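Next come the chains, spelled out residue by residue.
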Amino acid sequence: FKPGPALHRTSFEARFVQMTRPAVSLALLVGLGWTANKLAYADVVTERVSLEFAEVSGRWSVTSSTKGTLGADGTIRGAGGQGYMETARNSGADALRTWGVEVLDKVLPDAEAIGLRVSAGLWMPHSAKFYKECSDLTKDAFWRSEIDRYVTAVRRFKNSSAILWWTVGNEEELEVDVSAGNECVWKRLEQAIQAVKAEDPNHPIGTVLAGVAEPKVRAIEKYSPSVEFLGVNAYGDDALEVGPKLRTWNWTKPFAIMEFGPSGHWASPVTEFGSYVEESSTQKVPRYNATCYSCAEDGQCIGSFAFVWGWKWEKTGTWYNMFNEWKDVTENVTFDCPNCESEVMATLEKCWTGKARADLPPSIHGVEVEGEVLPDMSFTVPKKDAVTLEVNATHPLGEDMVAIWAATEEIVSKAIGGAHEATNPLLTGLWEKDPKATTTAGLYVNLNTSDLTPGGMYRLYVFVRQDPASCKGTCHHQEAVASLAFYICHTAQPGDAYYGQVAYAMQTGIHAHPQTYPGVTANSSLEEFQVLLCQKGPGSCPLPCGLRDWCATSVPGEECYGHVRWAMDYGLKQNPELYPWYLKKDGATFEAFQKFVYEKRNGICPKPCAEGSNLPSDTPLASSGKVGVRLPLGLLLGVSAVLRLML
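Since the model is a prediction, treat every value here as computed from it, not as a measurement.

> Run through the nonpolar core, naming residues and quoting values.
Core analysis: the biggest nonpolar cluster contains 72 residues, and Trp166 and Trp309 have the highest contact counts within it. The greatest single-element share of this core, amounting to eight residues, is contributed by helix α6 (residues 183-199). Membership of the second largest hydrophobic core comes to 31 residues, among which are Met377, Phe379, Trp405 and Tyr458.

The structure is reproduced here in structure tokens:
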């Protein structure tokens, strides 16, 4: 989870607190010392939680002085969030996670009431301005106040029986240098940890990084020796590499995966029209499954926390969520499913408990548009009265299924760090059964795109659930989900406002100024000229239909080539702050630099071919360095099918 300013985090956690929680009796609250709406614990140490290493087994474990080994053989099974506590406990989770102390007075009583632990976070600021001066750690008034805030919170909550451990900071290096931080970041971390440990010597203390990189791991060893365990937020296949990388760098202390889940949007492919390609929930199942089991099997891993235990809009309405609280698609639709659980929940429950659910969710194996199975979760279509859609889904128990379809404009927030993003409203006029409806139902439906805008970007959602009519007793509210980016294409025709641009390029421009038209020749088609113009400067014309994969790596003699070579040879050296992190690495390719110039859409370069097209997009999130590996669609679906059989 890529955190933003503390203000956003507070707002985000407040939403978690409002989620379903078990009632806590007045008698219990009084017994815990709840007075005047403020939780206070007696200053009596009743438990010590420690991290123990067993020489014989070579494993680290989390151990309580009163409860013995915690979790599954000392490995914590966790969920990133603070709501749905009873569901977490019943699914086999040992602990939930917070990011700041603002919610602890509400979260801890609930956790204590049902025997859950809490990984309690102490938020450190992210802005680089706080990590410029560390020559005298006690001199800065801001940091004196911050340390006092941490210590006050720890003093207040340290004797709660729900406290598992403290994490000081969450991706605190992100805005300084994601791969290394700086000396000041890690000295401030050490200062904070020492203060917390002095106040509470009875719980482990760690920090949480934005992925792992050797420079910052080495820096923590040098400047933050009091870190007792290393927390890491890692998504997709990156999470599987944390342990091996740490051992390569001779890290000997334990680690925990403090957030894991699907491939992050910052590491996912981007369509030719600029939308993120999101995996279906069925494709996400092996992601969660692999990380959950890999931590359990890694003797150095003391816990993993699946993200997000709740619902939040982050780039889409479905990317990270374990629950569906999007009321527009769960309530007052043909088949309601309030607080619907993602199919990912079933695989986590199997990993946490070793037992499969009796009532399993459906799975999505593909989506067809106009009779063609999509190679990934994206498509282009022209304006048309009826575009046929079909979701290919199965239920492991052979139950009947239903599907709810909805669509939004592709309005992608520029918020970073998990800051609040507004929910995109559903569109009307798309569904033939009721033009005024925002959703429609059926495994086969027709989508009306005739009123959508050529060049417009949209997102289609399909939610597959068990047919309530087939439920024996009460239906388990769970679903499989696919989120598909789509684009309204249009091939230029005489009379279109932009047809003259395409015609000029074909008839005059390519002959008079061939160096400004990379990738095309006088013999190229109208569609090729149109896509080139569109790639060089969006807004001048929409992408043509039937030509999704066009690209052109620039060659000497072309205007684009000169700009790319200048960026490689001079621009990066003169103004490194203007270039993304992946271009500063040794071995950055010509295609990578061309992709950077192309994404500026300054009328110079088209999209490059070869490996450059698979590099992360130049967005603030991509600069975090969390680059994952995306398995092919077919392989992911195959892996998911095997996991289904295992369940």
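> Describe the state of the cysteines, naming the residues involved and giving the relevant values.
Using the criterion set out here, one finds seven disulfides in the structure. The residue that forms a disulfide with Cys560 is Cys605, at a sulfur-sulfur distance of 2.0 Å. Judged by the torsion about the S-S bond (105°), the Cys560/Cys605 disulfide is right-handed. Remark: Cys605 occurs in the loop between α15 (590-599) and α16 (633-646) and Cys560 occurs in helix α14 (residues 559-574); sequence separation between them is 45 residues. Classification of Cys560 by relative accessible area gives buried; the value is 0%. Overall, the relative accessible area of 2% leaves Cys605 in the buried class. Of all cysteine sulfurs, the one in Cys541 lies closest to Cys534, which takes part in no disulfide; the gap is 4.9 Å. Given a relative accessible area of 8%, Cys534 falls into the buried group.

> A description of the packing of helix α5 (residues 141-157) against α6 should follow, citing residues and the corresponding values.
Packing of α5 against α6 brings their axes to within 9 Å, and their N-to-C directions diverge by 35°. The chirality of how α5 crosses α6 is right-handed. Counting all contacts with α5, which are made through Trp143, Ile147, Tyr150, Val151, Val154 and Arg155, the residues of α6 involved are Arg188, Gln191, Ala192, Ala195, Val196 and Glu199. Its residues placed into classes, the contact of α5 with α6 shows eight nonpolar, one polar and three charged.

> Could you give an account of the packing of aromatic side chains, naming the residues involved and the relevant values?
Counting across every chain of the model gives 29 aromatic pairs. Each ring, one from Phe273 and one from Tyr487, has its centre 5.1 Å from the other, and the planes form 25°; the classification is stacked. Taken together, the positions of Phe273 in the loop between β12 (255-260) and α9 (281-297) and Tyr487 in strand β24 (residues 478-488) put the pair 214 residues apart, joining distant regions of the chain. The same class applies to Phe273 and to Tyr487, which are both buried. Judged by centre distance (6.2 Å) and plane angle (10°), the rings of Tyr461 and Phe463 are stacked. Ring pairing ties together the aromatic residues Trp99, Tyr235, Trp266, Tyr276, Phe307, Trp319 and Tyr320, which thus form one cluster.

> Please provide a residue-by-residue account of the pairing of β24, values included.
Among the eleven residues that make up β24, eleven are buried, leaving the element largely enclosed by the rest of the structure. Across the two faces of β24 the burial is the same, with Gln478, Ala480, Ala482, Leu484, Phe486 and Ile488 and Glu479, Val481, Ser483, Ala485 and Tyr487 all buried. Two strands pair when backbone bridges link them, and strand β15 (residues 340-342) and β24 are joined in this way by two bridges, in the parallel orientation. In the sheet register, Glu341 faces β24, and the bridge partner there is Gln478. One ladder, built from four bridges, connects strand β18 (residues 378-381) with β24; its direction is parallel.

> Break down the sheet that holds strand β7 (residues 95-97) for me, citing the residues and quoting the values.
One closed barrel holds the eight strands; their spatial order is β6-β7-β8-β9-β10-β11-β12-β13, and the pairing between them is parallel. The sheet shows a mean angle of 25° between the axes of neighbouring strands, taken without regard to direction. Across five bridges, the pairing between strand β8 (residues 117-122) and strand β9 (residues 163-170) is parallel. Residue pairing across strands places Ala120 opposite Trp166, the latter belonging to β9. Strands β8 and β9 of the sheet are contacted by helix α4 (residues 104-114), whose axis makes an angle of about 165° with β8.

> Explain the pattern of salt bridges to me, and be specific about the residues and the numbers.
Scanning all chains against the criterion turns up 27 salt bridges. Between Glu47 and Arg117 there is a salt bridge whose closest N-O contact spans 2.6 Å. One end of the pair, Glu47, is in the loop between β2 (38-39) and β3 (49-54); the other, Arg117, is in strand β8, with 70 residues separating them in the sequence. Accessibility assignment for this pair places Glu47 and Arg117 in one class, buried. Lys197 serves as the salt-bridge partner of Glu228, at 2.9 Å between the closest nitrogen and oxygen. Separated by 31 residues along the polypeptide, Glu228 in the loop between α7 (214-223) and β11 (229-233) and Lys197 in helix α6 bring together distant segments of the chain. Here the salt bridges share partners, and the residues they tie into one network are Arg155, Lys158 and Glu199.

> Could you give me a rundown of the packing of α14 against α15, with the residues and numbers involved?
Put simply, α14 and α15 touch, their axes get as near as 9 Å, and they point 105° apart. With respect to each other, α14 and α15 are oriented roughly perpendicular. Side by side, α14 and α15 meet where Cys560, Tyr561, Val564, Arg565, Ala567, Met568 and Leu572 of the first sit next to Phe590, Phe593, Gln594 and Val597 of the second. Residue classes in the contact of α14 with α15 are distributed as nine nonpolar, one polar and one charged.

> Any chance you could break down the side chain of Asn321 for me, citing the residues and the numbers?
With respect to the element layout, Asn321 can be found in the loop between β13 (301-307) and β14 (323-324). You can call Asn321 buried: its relative accessible area is 9%. At a separation of 2.9 Å, a polar atom in the side chain of Asn321 contacts the main-chain amide nitrogen of Lys312. The contacts of Asn321, once residues within four sequence positions are left out, are Val308, Gly310, Trp311, Lys312 and Ser342.

> Any chance you could break down the pairing of β13 for me, citing the residues and the numbers?
Burial runs high along β13: seven of the seven residues are buried. Relative to β13, strand β6 (residues 76-80) runs parallel, the two being bridged by five bridges. When the bridges of β13 are listed, Ala79 appears paired with Ala306. Note: β12 against β13, three bridges, orientation parallel. Bridge pairing in β13 places Phe255 opposite Cys301. Each parallel crossover has a hand, and the one from β12 via α9 to β13 is right-handed.

> Which residues make up the sheet that holds strand β4 (residues 59-64), and what values do they have?
In any sheet, the strands associate via hydrogen bonds between backbone groups, in a parallel or an antiparallel arrangement. Reading across from one edge, β3-β4-β5 is the order of the three strands in this open sheet, with antiparallel pairing throughout. Strands with a single pairing partner mark the edges of an open sheet, and in this sheet they are β3 and β5 (68-69). In this structure, β4 lies alongside β5, joined through two bridges in antiparallel fashion. By the bridge assignment for β5, Thr63 is matched with Thr69.

> Just give me the short version of the environment of Ala485, but keep the residues and values in it.
When you line up the elements, Ala485 lands in strand β24. In sequence terms Ala485 and Thr316 are 169 residues apart; their C-alpha atoms lie 9.9 Å from each other. When near neighbours in sequence (up to four residues on either side) are disregarded, Ala485 contacts Phe273, Ser275, Tyr276, Met377, Ser378, Phe379, Glu410, Tyr458 and Arg459.

Reading the values: the criteria
Residues numbered from 1 in each chain as written. Predicted model: local features only at pLDDT ≥ 70, side-chain atom pairs only at ≥ 80, totals over all residues. Heavy atoms only, no water. Core = buried A, V, L, I, M, F, W, Y, C linked by side-chain atoms within 4.5 Å. Buried < 20%, exposed > 50% of the residue type's maximum accessible area, 1.4 Å probe, protein only. Helix = DSSP H or I, 4+ residues; strand = E, 2+ residues; numbered from the N terminus. Disulfide = S-S within 2.5 Å. Axes fitted to C-alpha atoms, helices over the stretch in contact; angles between N-to-C directions. Left-handed = near helix turned anticlockwise from the far one by under 90°. Contact = heavy atoms within 4.5 Å. Nonpolar A, V, L, I, M, F, W, Y, C, P; charged D, E, K, R; others polar. Phe/Tyr/Trp six-rings, centres within 6.5 Å; stacked < 30°, edge-to-face > 60°. Pairing = 2+ DSSP bridges. Salt bridge = Lys/Arg side-chain N within 4 Å of Asp/Glu carboxyl O. Parallel < 35°, antiparallel > 145°, perpendicular 65-115°, else oblique. Polar contact = N/O pair within 3.5 Å; in protein donor to acceptor, adjacent residues only side chain to side chain. Right-handed = clockwise from strand over helix to strand, strands pointing away.

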